[in-house]
Amino acid sequence: MEWIADTSVGAWLRERLDDAHATMHGVVPHGFPAYARVFHPAIVRSLPDRPVPAPAEWESMPEAEQQRLREQFVDEPATWAETAAAFGTTMHPFAQWRRIVRTPDDEDWRTRISPDGREFSAPVEGELGAGMLSAIAGHLVAHTSTPDAGFAAVWEGYGGLLGFFGEAPSRAFLTFTDDPNHQAMLNRSTHDPFNNVFRKPTWQDGILSREISEGPRLSLPDRDHVLFSAPPRTFADPGWVLQVPWRDRPAEEHGFPPAALSPSLLWPEDRSWVMVSEIDFDSTIVAGPDALIHEICADDRLEAMQIPEGTDLTWDADQVNR
């Protein structure tokens, strides 16, 4: 995979997008035979012998009891259908998370406790896990004449992805040190107003090189992306994380496991389909031929449903669970 400075290869996407976000076509191209909505999994937390404490109960609990419960927490992935069953709501293609978990408009929808005492945390927005992406890509490569030629775009706004001119590193771990005195000195320096008066902005490294960080972007409505050549077949391997140029190698040097963002957009050279993981969506949309969409929706490794062109995926679009 290589960075692409000539972003004209993505111009066709802009031509098929709406300027407004009244429907999914603010980010998902028009004009494909069929569309699938792949729901990102939630996380459900439970305790073996009691309900998960509500925030108010947790705050009033002795610290020793809090620690005991933390050691007993069990966190597992949960589908939207499982979540709907727990809250007595209905799963359907146009479901919205805040309605599935029965959230009043003035309350936080990200973490909700179900009637049976389990705590459900909202799906991650804008990103697919490595295994989930490889499951989708296994279907994608079977429905293109160019499985070894394609493109991936990553939203430029992810923290730490790009370098920039500034007074502090874009990546917090770059200042990590085992010497507490050294770290304290850095902290004091950062907050010293006299020191800051004379400090000039310097280049702060990100995951990607300075050339890429300062280079052209694939500009779509309200979003700019870094563009790469990317064989779709690569993502069918669960180890795709180790192959992408935006892999977080500096983090690995500091003892973190291999990690990489999933692409915000992925499409083959023949444009037979496109996969969109919009950063504000808690589901990924695949647009392509009917056979591809049917396969994705039938895959029991995924929770996916077919949706029509023109679908509204805004937060208040769920008319069933109101």
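Residues numbered from 1 in each chain as written. Predicted model: local features only at pLDDT ≥ 70, side-chain atom pairs only at ≥ 80, totals over all residues. Heavy atoms only, no water.

Chemist: Please explain the sheet that holds strand 6 (residues 119-121) as it appears in this structure.
Modeler: Within a sheet, neighbouring strands are paired by backbone hydrogen bonds and run either parallel or antiparallel to one another. Spatial ordering of the open sheet is given by 4-3-6-5, a layout of 4 strands whose pairing is antiparallel. With partners counted over all chains shown, the strands left at the sheet margins are strand 4 (74-78) and strand 5 (111-113), one partner each. Pairs of neighbouring strands in the sheet enclose a mean axial angle of 25°, with direction left out of account. As judged from the 3 bridges shared by strand 5 and strand 6, these two strands associate in the antiparallel manner. Across the sheet, residue Arg112 finds its bridge partner in strand 6, namely Phe120. The sheet contacts of helix 4 (residues 80-87) involve strand 3 (42-46), strand 4, strand 5 and strand 6, and relative to strand 4 the element is tilted by about 110°. (Pairing = 2+ DSSP bridges. Helix = DSSP H or I, 4+ residues; strand = E, 2+ residues; numbered from the N terminus. Axes fitted to C-alpha atoms, helices over the stretch in contact; angles between N-to-C directions. Contact = heavy atoms within 4.5 Å.)

Chemist: For this particular structure, what's the right way to read the pattern of salt bridges?
Modeler: Side chains that differ in charge, positive against negative, can pair when their charged atoms come close. Going through the model one piece at a time under the given rule, you end up with 18 salt bridges. Among the salt bridges present, the one from Asp19 reaches Arg14, with a minimum N-O distance of 2.6 Å. With a relative accessible area of 59%, Asp19 lands in the exposed category. One salt bridge connects Asp75 with Arg45, and the closest N-O pair in it is separated by 2.8 Å. Of this pair, Asp75 sits in strand 4 while Arg45 sits in strand 3, and the two are 30 residues apart along the sequence. Residue Asp75 is classed as partly exposed on the basis of its relative accessible area, which comes to 42%. Arg45 gets classed as partly exposed once you look at its relative accessible area, which sits at 25%. Residues participating in the shared-partner salt-bridge network are Arg98, Arg99, Asp105, Asp316 and Arg322. (Salt bridge = Lys/Arg side-chain N within 4 Å of Asp/Glu carboxyl O. Buried < 20%, exposed > 50% of the residue type's maximum accessible area, 1.4 Å probe, protein only.)

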